[in-house]
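# Topology and contacts: notes
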Amino acid sequence: MPPADSTTEDTLDLKLSDEVLALFNAPDPRRSTGAPGADGGLLDGVAGWGPVATRAGTFQLVPATVERDLPMIAGWMNDPAVAEFWELAGEPRITERHLRGQLDGDGRSVPCLGVLDGTPMSYWEIYRADLDPIARYYPSRLHDTGVHLLIGVVDDRARGLGGTLLRAVADLVLDRRPACARVIAEPDLRNTPSVAAFLAAGYRFSAEVELPDKRAALMIRDRAVRHLL
């Protein structure tokens, strides 16, 4: 794996604390109680982040529910362009299992619909990267927040909308999560439109990272330079 950019602080060989490592394997009390998998405070209440104005219109992250959103999200997952990288094509139960894995969890990952001018048009996952297994593969920092994105509506692709919304969501994270100094992402290196969208959104390419299921581009948007990029 090529080393991260040596000019940046995020390349330090940091060690995960025992507390963070324990979270990876800790029992999840919500799984036994059947409690809803709300944010739980780990992401500072994504449901209450509210709408933001973008050049494309008013955008808002709305936490997903299986009952309301499964047919739409499962349909998007069966688009060949999406399935190549998300690998959730097939019967709706496959997508349902993926959603419930987050909704029944402790709130370290929140699946959301991206709603633009009142219309659901994208799927997002906002997650605590420092509490996620990905933290084992890059020098993570406390409160690092990660994003996953797919644009579900075909007509919304390949026209710069991804970069606009990725920038808006990164700004939302940094505005609503004052303890978070960086927003990170790890798109598949083969997904060049996705990598380009992150670059357009003010992320920098930090490193190539070999993950269990893909070779990823580690993209980082730093709070310290958010207004310069």
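The notes below deal with the structure included here. (Residues numbered from 1 in each chain as written. Predicted model: local features only at pLDDT ≥ 70, side-chain atom pairs only at ≥ 80, totals over all residues. Heavy atoms only, no water.)

### Remarks on the overall build of the chain
Helix and strand counts for the chain stand at 7 helices and 8 strands. Taken over 229 residues, the chain has a buried fraction of 48%. In the chain, the proportion of contacts linking residues at least 24 apart, taken out of those at least 6 apart, comes to 66%. Split by element, the accessible area of the chain, about 11,000 Å² in all, is 57% carbon and sulfur. (Helix = DSSP H or I, 4+ residues; strand = E, 2+ residues; numbered from the N terminus. Buried < 20%, exposed > 50% of the residue type's maximum accessible area, 1.4 Å probe, protein only. Contact = heavy atoms within 4.5 Å. Areas by Shrake-Rupley, 256 points an atom, 1.4 Å probe, with all protein chains shown as cover.)

### Describing the packing of aromatic side chains
Tallying each qualifying case throughout the model produces 3 aromatic pairs. With 5.6 Å between their ring centres and 65° between their planes, Trp86 and Tyr123 make a pair best called edge-to-face. Linking Trp86 in helix H4 (residues 80–86) with Tyr123 in strand S4 (residues 119–128), this pair joins segments that are 37 residues apart in sequence. Assessed through its relative accessible area of 0%, Tyr123 is described here as buried. (Phe/Tyr/Trp six-rings, centres within 6.5 Å; stacked < 30°, edge-to-face > 60°.)

### Quick notes on the sheet that holds strand S1 (residues 52–54)
Spatially, 8 strands are ordered S1-S2-S3-S4-S5-S6-S8-S7 in an open sheet, and the strand pairing comes out mixed. The open sheet has two edge strands, S1 and strand S7 (204–211), and neither has a second partner. Within the sheet, the average angular offset between the axes of one strand and its neighbour, ignoring direction, is 30°. Inspection of the sheet shows S7 paired to strand S8 (residues 214–222) by 7 bridges, in the antiparallel sense. Considered in S8, the bridge of Glu210 is made with Arg215. Strand contacts of helix H7 (residues 192–200): strand S5 (145–151), strand S6 (182–185), S7 and S8, with the helix running at about 10° to S8, the strand carrying the most contacts. (Pairing = 2+ DSSP bridges. Axes fitted to C-alpha atoms, helices over the stretch in contact; angles between N-to-C directions.)

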